[in-house]
Amino acid sequence: MNAAAEAGLRRILAVVDLLIDAVDEETLVPALLPVMLSAVPGDSIIWSPRAGAADRPLTLPADLLSQDVRDAFAREAATDSLVRHTTTGPGTPMRRSTLQTRSEFHSLAAYTDVYRPFGAEQQLAMSFPAGYAEGLPRKVCMAISRSGSDFSDDDVAAAALLRTRLSHAMDRLAPPRTVPPLITRRESAVLTLLARGLSNQQIARRLAISPRTVDKHLEHAYAKLRVSSRVEAANAWLARGAAAVRLGR
């Protein structure tokens with residue numbers, strides 16, 4: 001392995017070490033961006049937490065995108081083949097030069113309004129699955145830009161290697177929400193009457209079941225709601241709301 005390859009490997013391993021040690025996304029991403037710019041050398045990097053969303057991206061330098069540039073990107077992104085590749089396409093690491101010639105790039109309104117202001121003459125972009133946000137699967141987009149020479153095949157290979165590891169790290173840091181245990185229709189009915197202040201005997205008469213059956217329903221409901229008393233169960237049920245409960249039967 002020559003000196004350049006060894007240096008490249010060290011840069012990649014620095015990213016991997018950071019991902020392994022990450023404890024939360026808020027701490028990881030600000031530390032990750034400069035390390036990524038070292039692993040895949042560029043002048044700037046943009047990290048969009050949700051592909052295709054209007055969320056403000058994180059950038060390095062921090063003041064890379066003015067409000068005018070962000071507004072222009074929102075208007076013109078749909079005409080950009082590299083953006084389409086990362087937001088709705090496969091998202092594999094892609095050089096802009098692979099998708100369009102320099103003159104085609106310069107003819108885009110997005111070049112004049114978005115990319116030229118921060119010197120993005122060359123770009124390498126990718127996206128990857130990144131765990132969950134608000135209960136939904138999420139995909140992150142990342143673009144590295146340069147003002148000088150184009151990205152090399154080695155840069156694309158390094159990005160591909162890191163893409164898999166980035167996805168694994170984000171999956172670990174942003175797992176899906178745990179689905180709450182099912183509350184059955186009968187348990188729902190018992191809890192509703194319990195929350196209204198009825199005794200077990202009264203609940204049994206109202207539902208035409210035995211008090212022992214009421215006890216069993218409450219025993220199961222306590223475990224699902226993670227409570228240990230009638231008052232806690234009533235409060236938990238009222239706070240949860242019948243509309244938010246996933247009925248089992």
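Residues numbered from 1 in each chain as written. Predicted model: local features only at pLDDT ≥ 70, side-chain atom pairs only at ≥ 80, totals over all residues. Heavy atoms only, no water.

1. Some details on the sheet that holds strand S3 (residues 94–95)
Whether parallel or antiparallel, the strands of a sheet pair through hydrogen bonds between backbone atoms.
And step 1. With respect to topology, five strands assemble into an open sheet ordered S2-S1-S5-S4-S3, the strand pairing being antiparallel. Either end of the sheet is taken by a strand with one partner, and the two such strands are strand S2 (58–60) and S3.
And step 2. Here ten bridges tie strand S4 (residues 122–133) to strand S5 (residues 136–146), and the two strands are oriented antiparallel to one another. From the neighbouring strand, Ala133 faces S5, where its bridge partner is Leu136.
And step 3. Against the sheet, helix H2 (residues 25–39) makes contact with strand S1 (44–48), S2, S4 and S5, and its axis sits at roughly 150 degrees relative to S1, the strand it touches most.
And step 4. Along the sheet, helix H8 (residues 153–173) makes contact with S1, S3, S4 and S5, crossing S4 at roughly 15 degrees. (Pairing = 2+ DSSP bridges. Helix = DSSP H or I, 4+ residues; strand = E, 2+ residues; numbered from the N terminus. Contact = heavy atoms within 4.5 Å. Axes fitted to C-alpha atoms, helices over the stretch in contact; angles between N-to-C directions.)

2. As for the nonpolar core
And step 1. Leu32, Met36, Val40, Trp47 and Leu166 are the most contacted members of the largest nonpolar core, which has 31 residues in total.
And step 2. If one sorts the elements of this core by residue count, H8 sits on top with eight residues.
And step 3. Aside from chain neighbours lying at most four places away, what touches Trp47 is Val29, Leu32, Leu33, Pro57, Leu58, Phe128, Val140, Cys141, Met142, Leu166 and Met170. (Core = buried A, V, L, I, M, F, W, Y, C linked by side-chain atoms within 4.5 Å. Buried < 20%, exposed > 50% of the residue type's maximum accessible area, 1.4 Å probe, protein only.)

3. Some details on unusual backbone geometry
And step 1. Note the cis peptide between Leu60 and Pro61, where omega equals 0 degrees.
And step 2. Looking at where Pro61 falls in the secondary structure, it is placed in the loop between S2 and helix H3 (67–76).
And step 3. Phi angles above zero are rare outside glycine, and Ala208 is one such case at about 60 degrees.
And step 4. The residue Ala208 is located in the loop between helix H10 (200–207) and helix H11 (211–225) in this model.
And step 5. Given a relative accessible area of 70%, Ala208 falls into the exposed group.
And step 6. Phi angles above zero are rare outside glycine, and Arg226 is one such case at about 60 degrees.
And step 7. As for its position among the elements, Arg226 is in the loop between H11 and helix H12 (230–240).

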